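An overview of the molecular structure
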Amino acid sequence: MFKKLAYIFISISSISAFSQTGGQSVYSFLNVPVPARTAALAGNSLGLKDDDITLFNQNPAALNKGMSNQIALSYINYISDINFYHLGYAKSFDSIGHFGVSLQNTNYGKFKETDEYGAEVGAFRANDYNLNLAYARDLDSNFTWGINLKTIYSKYYNNSSLANAIDAGLTYKNKKKQFIFSVVASNMGYQWKTYSGNAKEKLPFYFNAGLSKKLAKAPIRFLLNYENINKWDLTYSDPSNPDPTVDPFTNEPIKKSKFRTVGDKTLRHLVFGTELNIGKNFNIRLGYNYRRRKEMQLPDKGGLVGISFGFGVKVSKFNFSYAFSKYHAGGNANHITLSTNLSSFIKN
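Every value quoted in this text rests on a predicted model; they were computed, and no experiment measured them.

1. Overview of the overall build of the protein
- Broken down by element type, the protein carries four helices and 14 strands.
- The buried share of the protein, reckoned over its 348 residues, is 43%.
- Contacts spanning at least 24 positions in sequence make up 53% of the contacts within the protein whose residues lie at least 6 apart.
- For the protein, the exposed area adds up to about 19,100 Å²; of that, 60% sits on carbon and sulfur atoms.

2. Focus on the pairing of strand E12 (residues 307-315)
- In terms of strand pairing, strand E11 (residues 282-289) meets E12 through seven bridges, oriented antiparallel. Looking at the pairing, Tyr288 lines up with Ile307 of E12.
- For E12 and strand E13 (residues 318-328), the ladder comprises eight bridges, and the chain directions are antiparallel. In the sheet register, Val315 faces E13, and the bridge partner there is Phe318.

3. A word on the pattern of salt bridges
- For the coordinates displayed, the defined rule picks out nine salt bridges.
- The salt bridge partner of Arg268 is Asp264, with a shortest N-O separation of 2.9 Å. Judged on exposure class, the residue Arg268 and its partner Asp264 are both buried.
- Through salt bridges with shared partners, one network takes in Arg37, Asp50, Asp52, Glu275 and Arg285.

4. Focus on the packing of aromatic side chains
- Summed over the entire model, instances satisfying the criterion amount to 20 aromatic pairs.
- Ring geometry for Tyr172 versus Phe179: centroids 6.4 Å apart, planes at 55 degrees, classification tilted.
- Summarising the aromatic geometry, the rings of Phe311 and Phe320 are spaced 6.2 Å apart at their centres and angled 50 degrees between planes, so their arrangement reads as tilted.

5. Focus on the nonpolar core
- Formed by 17 residues in total, the largest nonpolar core has its most connected members in Tyr27, Phe29, Ile76, Tyr78, Phe84 and Ile152.
- Setting aside anything within four residues of it in sequence, one finds Phe84 in contact with Phe29, Val32, Val34, Ser74, Tyr75, Ile76, Tyr78, Gln104, Asn105 and Thr106.
- Core analysis: the next-biggest nonpolar cluster, separate from the first, contains 13 residues, Leu55, Phe56, Ala62 and Leu223 among them.

6. Topic: the confidence of the model for the protein
- Per-chain confidence: the protein averages 87 in pLDDT, with 90% of residues scoring 70 or above.
- Per-element mean pLDDT across the protein ranges from 42 in helix H1 (residues 2-17) up to 97 in strand E9 (residues 220-226).
- In the predicted structure, residues 1-23 sits below a pLDDT of 50 and forms 27 contacts with residues beyond four places in sequence or in another chain.

7. Points about the side chain of Asn44
- Among the secondary structure elements, Asn44 is positioned in the loop between helix H2 (36-40) and strand E1 (70-77).
- Take Asn44: its relative accessible area is 1%, and that puts it in the buried class.
- Within the local environment of Asn44, its side chain forms a polar contact with the backbone nitrogen of Leu46, the two atoms lying 3.1 Å apart.

Cut-offs applied
Residues numbered from 1 in each chain as written. Predicted model: local features only at pLDDT ≥ 70, side-chain atom pairs only at ≥ 80, totals over all residues. Heavy atoms only, no water. Helix = DSSP H or I, 4+ residues; strand = E, 2+ residues; numbered from the N terminus. Buried < 20%, exposed > 50% of the residue type's maximum accessible area, 1.4 Å probe, protein only. Contact = heavy atoms within 4.5 Å. Areas by Shrake-Rupley, 256 points an atom, 1.4 Å probe, with all protein chains shown as cover. Pairing = 2+ DSSP bridges. Salt bridge = Lys/Arg side-chain N within 4 Å of Asp/Glu carboxyl O. Phe/Tyr/Trp six-rings, centres within 6.5 Å; stacked < 30°, edge-to-face > 60°. Core = buried A, V, L, I, M, F, W, Y, C linked by side-chain atoms within 4.5 Å. pLDDT = per-residue confidence, 0-100. Polar contact = N/O pair within 3.5 Å; in protein donor to acceptor, adjacent residues only side chain to side chain.

Okay, here's the thing in structure tokens:
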């Protein structure tokens, strides 16, 4: 078992070492957490593995027998009237493994087409699509590995792009200690067709890890995720508005504390979350994304930027989840997910 585990982990690590990091990339819609539960935890749910079918969208190794014959539909009313849709289904076979399929659509709406004089001559739409085929297999009672195969298609006006990418994940779950740990390398792939027909563009690769621990005598689970293992410095400096290097009053160089600088860079990798279960059919979720807050808050107004929260409730045969995410002072997102197990509608 340990040889298999080592082989899978080395394979994931070696692939990630040759993947693109940093800079600009296409298909950034893949990084938006569509399912409500993931969104409520500030965008990262790698530390989870239970019967929630939406988890395999971010981590293929989260697929398990409890998701079998489940179907889920997610929707986001995103910023600037952009809409996200996500549909997923999973099925398990004892002798083969766990399978999942999902389709994601990002609809940017309808745009007016004008000529060089501003006269309206038509209209067009812009959309992104991702068809995801997932497979996972249990190594033993604790370890599961999984793979997502993505087919990505994007069309904006007369320009389109096509690519394939792979996610590879490994999850460890200790039921007795109620502890979960996962590593996932995402969006490793190749762009077959570019928007402009010129040089190939980078995919939004990332290598993340996440863990969670449920308290033994309390109905609460804490999550900690470390994002972008493949790149240490995630800070961003706007070329048009760089950080000041000289004090405007004293003309002395501004010295930054090394401890503060390292602390800021470390926190930009971390995403915090927690789930509180109130009975068997209701839970509350809360998440905090430090990097999102640092990048998206206004200089004089932080507000709730970087904070997400939501809840999940089970009513009869359906599971309903809602999440509110604050991405910017002027932009919120509402996430809704509805799921059910189709087997519950079949009479024995």
